[in-house]
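Commentary on secondary and tertiary structure
Each chain, letter by letter, is given below.
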Amino acid sequence: MENASKALLMAAGVLIGLLVISLAVYLFVSFGMTSAEIHKEQQEQQLEQFNVQFTSYVGKEGLTIYDVVTVANLATENNKNYELTKKVADGTDYYISVQVANQGFIEKGYNETGGIDYDQLIKNDIATMPGNALRQYTCSVDISPTTQRVYRVIFKIKT
């Protein structure tokens, strides 16, 4: 009888051990998935915060040449950060182009015809309007299906 009770105690100990190990494995897997979900959410939030820097201009009334220069500087900083040097974005990497009506692409301070002086760009914009008023622009952005990031910002003269 003594051997039978010892055998039952050993079996109970093994079952309790298996339950503890199963619980530990379950918690490990559960916490691992939660961590991956949190990381994914953080990446999505960072992507959204990045895109908002450019998409906030879409549909906004009263955009001026100063807004255009601000966006061009944001794009330039992004391109410098990723050490990207091409002149036109295609959406396959993190390069951002800023295109302005009658000026072409102006990020990095150049376009197809050469260097662009932002101060001169502003002066020209003011000089073309009666009473030195600021020309109004509309903005649209293109988001890459590959990177899910803004890769082109287009400003058009508001008519």
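Now for a quick tour of the structure.

How each quantity is defined
- Residues numbered from 1 in each chain as written.
- Predicted model: local features only at pLDDT ≥ 70, side-chain atom pairs only at ≥ 80, totals over all residues.
- Heavy atoms only, no water.
- Helix = DSSP H or I, 4+ residues; strand = E, 2+ residues; numbered from the N terminus.
- Rg over C-alpha atoms; globule rule 2.2 N^0.38 Å.
- Buried < 20%, exposed > 50% of the residue type's maximum accessible area, 1.4 Å probe, protein only.
- Areas by Shrake-Rupley, 256 points an atom, 1.4 Å probe, with all protein chains shown as cover.
- Lys, Arg positive; Asp, Glu negative; His and termini not counted.
- Charge placed at Lys NZ, Arg CZ, Asp CG, Glu CD.
- Pairing = 2+ DSSP bridges.
- Patch = residues over 30% accessible without salt bridge, like charges linked within 9 Å, V, L, I, M, F, W, Y side chains within 5 Å.
- Salt bridge = Lys/Arg side-chain N within 4 Å of Asp/Glu carboxyl O.
- Contact = heavy atoms within 4.5 Å.
- Axes fitted to C-alpha atoms, helices over the stretch in contact; angles between N-to-C directions.
- Phe/Tyr/Trp six-rings, centres within 6.5 Å; stacked < 30°, edge-to-face > 60°.
- Lys NZ or Arg CZ within 6 Å of the ring centre and 35° of its normal.

What follows deals with the overall build of the chain. Broken down by element type, the chain carries three helices and six strands. In sequence order, the secondary structure elements of the chain are arranged as α-α-β-β-β-β-α-β-β. A compact globule built from 159 residues would reach a C-alpha radius of gyration of about 15 Å, whereas the chain, at 29 Å, exceeds it by more than 25%. Projected onto its principal axes, the C-alpha positions of the chain cover 110 × 30 × 20 Å. In the chain, which comprises 159 residues, the proportion classed as buried is 30%. Entry remark: accessible area of the chain is about 10500 Å², with carbon and sulfur atoms responsible for 59%. One way to put it: in the chain the 13 positive side-chain charges average out to a point 4 Å from where the 17 negative ones average out.

With that settled, consider the pairing of strand E1 (residues 97-100). Sheet topology note: the E1/strand E6 (residues 150-157) ladder contains four bridges and is parallel. Across the sheet, the residue bridging to Val 100 is Phe 155, located in E6. As judged from the two bridges shared by E1 and strand E2 (residues 104-105), these two strands associate in the antiparallel manner. Bridging across to E2, Gln 99 finds its partner in Phe 105.

This part covers a nonpolar patch on the surface. Where nonpolar side chains cluster on the molecular surface, the patch consists of Ile 21, Val 25, Phe 28, Val 29 and Met 33 and spans about 550 Å² of accessible area. Among the structural elements, Ile 21 can be located in helix H1 (residues 2-55).

Right, let's talk about the sheet that holds strand E5 (residues 137-143) for a bit. One key point about sheets: their strands pair by backbone hydrogen bonds, in either a parallel or an antiparallel sense. Pairing is mixed in the open sheet, where four strands are placed in the order E2-E1-E6-E5. The open sheet has two edge strands with one neighbour each: E2 and E5. This element, H1, spans E5 and E6 of the sheet and lies at about 15 degrees to E6.

This part takes up the packing of aromatic side chains. Counted under the stated rule, the structure contains two aromatic pairs. Taking the ring centre of Phe 50 as reference, the NZ or CZ of Arg 149 above it sits at 3.8 Å. For Arg 149, the ring lying beneath its charged end belongs to Tyr 94, and the centroid distance is 4.0 Å.

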